[in-house]
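# Descriptive structure summary
Next come the chains, spelled out residue by residue.
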Amino acid sequence: MNCRRHGSKPTIALWMLVAVADVAILASTGLLAILLVLTALAVVVGVGVVAARSLGRPDPEPAKVVVRRRS
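Residues numbered from 1 in each chain as written. Predicted model: local features only at pLDDT ≥ 70, side-chain atom pairs only at ≥ 80, totals over all residues. Heavy atoms only, no water.

## Quick notes on the overall build of the chain
Under the convention used in this document: Where helices and strands are cited, they refer to DSSP runs of H or I of at least four residues and of E of at least two residues respectively, numbered from the N terminus. Here the term buried applies to any residue with accessible area under 20% of the maximum for its type, exposed to any over 50%, and partly exposed to those in between, with areas from a 1.4 Å probe on protein chains only. Areas reported as accessible are Shrake-Rupley estimates using a 1.4 Å probe. Residue values count occlusion only from the protein chains shown.
Tallying secondary structure elements over the chain gives two helices and zero strands in all. When the 71 residues of the chain are sorted by exposure, 1% land in the buried category. Total accessible area on the chain is roughly 7,500 Å²; 69% of this is exposed by carbon and sulfur atoms.

## Brief notes about the UniProt feature "transmembrane region" (unreviewed entry) in the chain
The criterion, for reference: UniProt positions are given in the numbering used here, feature names are shortened, and annotations may be inferred rather than shown by experiment.
Feature annotation in UniProt places "transmembrane region" (unreviewed entry) on residues 12-28 and 34-52, given in this structure's numbering. Structurally, residues 34-52 comprises 100% helix and 0% strand, and the distance from its first C-alpha atom to its last is 27 Å.

## Details of a nonpolar patch on the surface
To keep it simple, the criterion reads: Only residues whose relative accessible area exceeds 30% and that form no salt bridge enter a patch; like-charged residues are grouped when within 9 Å of one another, and nonpolar side chains (Val, Leu, Ile, Met, Phe, Trp, Tyr) when within 5 Å. Salt bridge criterion: a side-chain nitrogen from Lys or Arg within 4 Å of a carboxyl oxygen from Asp or Glu.
Together, L14, W15, L17 and V18 make up a nonpolar patch on the protein surface, roughly 430 Å² of accessible area in all. Here V18 is to be found in helix 1 (residues 9-29).

## Quick look at helix 2 (residues 31-56)
Note the threshold: Multiply 1.5 Å by the residue count of a helix minus one, and that product is the helix's expected span.
Look at helix 2: 37 Å from first C-alpha to last across 26 residues, which is about the 38 Å you get at 1.5 Å a residue. Within helix 2, only zero of the 26 residues are buried, which leaves the element largely exposed.

In structure tokens:
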């Protein structure tokens, strides 16, 4: 049986190493790439908010037609 607990020190150290590598990759690509990624993220979030609002809004009821007779 495997009785290894979650969150052991080697696992945390490995994920910290991955995080440091991610930061190094982002730093090496430059500020422009980071801004492009953040802009794309903002656009995706904005489109998601607009879609959620439009889906959550009920359909408008058609206006009642009043027929008047001429005398």
